[in-house]
Amino acid sequence: MKIYVAHSSSFDYKNELYKPLRSSNLNEIHEITLPHEDSSAQFNSKEYLKECDLVLAEVSYPSVGQGIELGWANLYEVPIVCFYKEGSKYSGALNVVSRHFIEYSDGANMVEKLNEYLPN
């Protein structure tokens with residue numbers, strides 16, 4: 001499964017999001033794209049999403065750019081799974097593009113819950 005991970009840039013995503021995802025078995029099962037793993041340059045997500053099977057959206061932090069990406073994914077009929085850290089308040093507007101929301105407590109719990117949700 002070709003998965004794009006959308007997120008805000010207003011938190012330490014490399015340590016809090018990328019590290020747990022890359023150190024998990026999800027990489028052995030799926031092709032996971034982390035848009036700023038190797039560069040902070042703009043990633044052409046608009047084109048990438050056209051060939052994507054799923055978007056995982058970390059929605060704990062508000063982000064206009066992520067909102068645009070989720071709008072494109074929705075337009076291209078790419079399923080979107082939103083996940084957020086315990087205690088976070090995500091935007092109610094996300095209910096328009098997804099019915100799938102996963103709450104997690106830390107990086108290990110995030111991976112565990114995504115593993116439960118995603119097909120093996």
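Residues numbered from 1 in each chain as written. Predicted model: local features only at pLDDT ≥ 70, side-chain atom pairs only at ≥ 80, totals over all residues. Heavy atoms only, no water.

A.B. asks: How should the environment of Y117 be read in this particular structure?
C.D. replies: Turning to its location among the elements, Y117 is positioned in helix α5 (residues 107-117). In the structure, Y117 is positioned 17 residues away from H100 in sequence and 9.6 Å away in space, judged by C-alpha atoms. Once residues lying within four places of it in the same chain are set aside, the contact partners of Y117 are V81, H100 and I102. (Helix = DSSP H or I, 4+ residues; strand = E, 2+ residues; numbered from the N terminus. Contact = heavy atoms within 4.5 Å.)

A.B. asks: Explain the environment of A57 to me, please; I cannot follow it from the model alone.
C.D. replies: Looking at where A57 falls in the secondary structure, it is placed in strand β3 (residues 54-58). Under the relative-accessibility criterion, A57 is labelled buried at 0%. On a C-alpha basis, the gap between A57 and D106 in space is 16 Å, while along the polypeptide they are 49 residues apart. What A57 contacts, discounting residues up to four positions off in sequence, is A6, Q66, L70, I80, V81, C82 and F83. (Buried < 20%, exposed > 50% of the residue type's maximum accessible area, 1.4 Å probe, protein only.)

A.B. asks: Help me understand the side chain of N109, please; the structure alone is not making it clear to me.
C.D. replies: One can find N109 in helix α5. Sequence-distant contacts of N109, defined by excluding residues within four places in its chain, comprise E103 and Y104.

A.B. asks: Please explain the side chain of S45 as it appears in this structure.
C.D. replies: Tracing the backbone through its elements, the reader meets S45 in helix α3 (residues 45-48). With residues up to four places along the chain from it excluded, the contact list for S45 reads Y4, E69 and W72.

The values reported here are purely geometric and, on their own, carry no functional implication.
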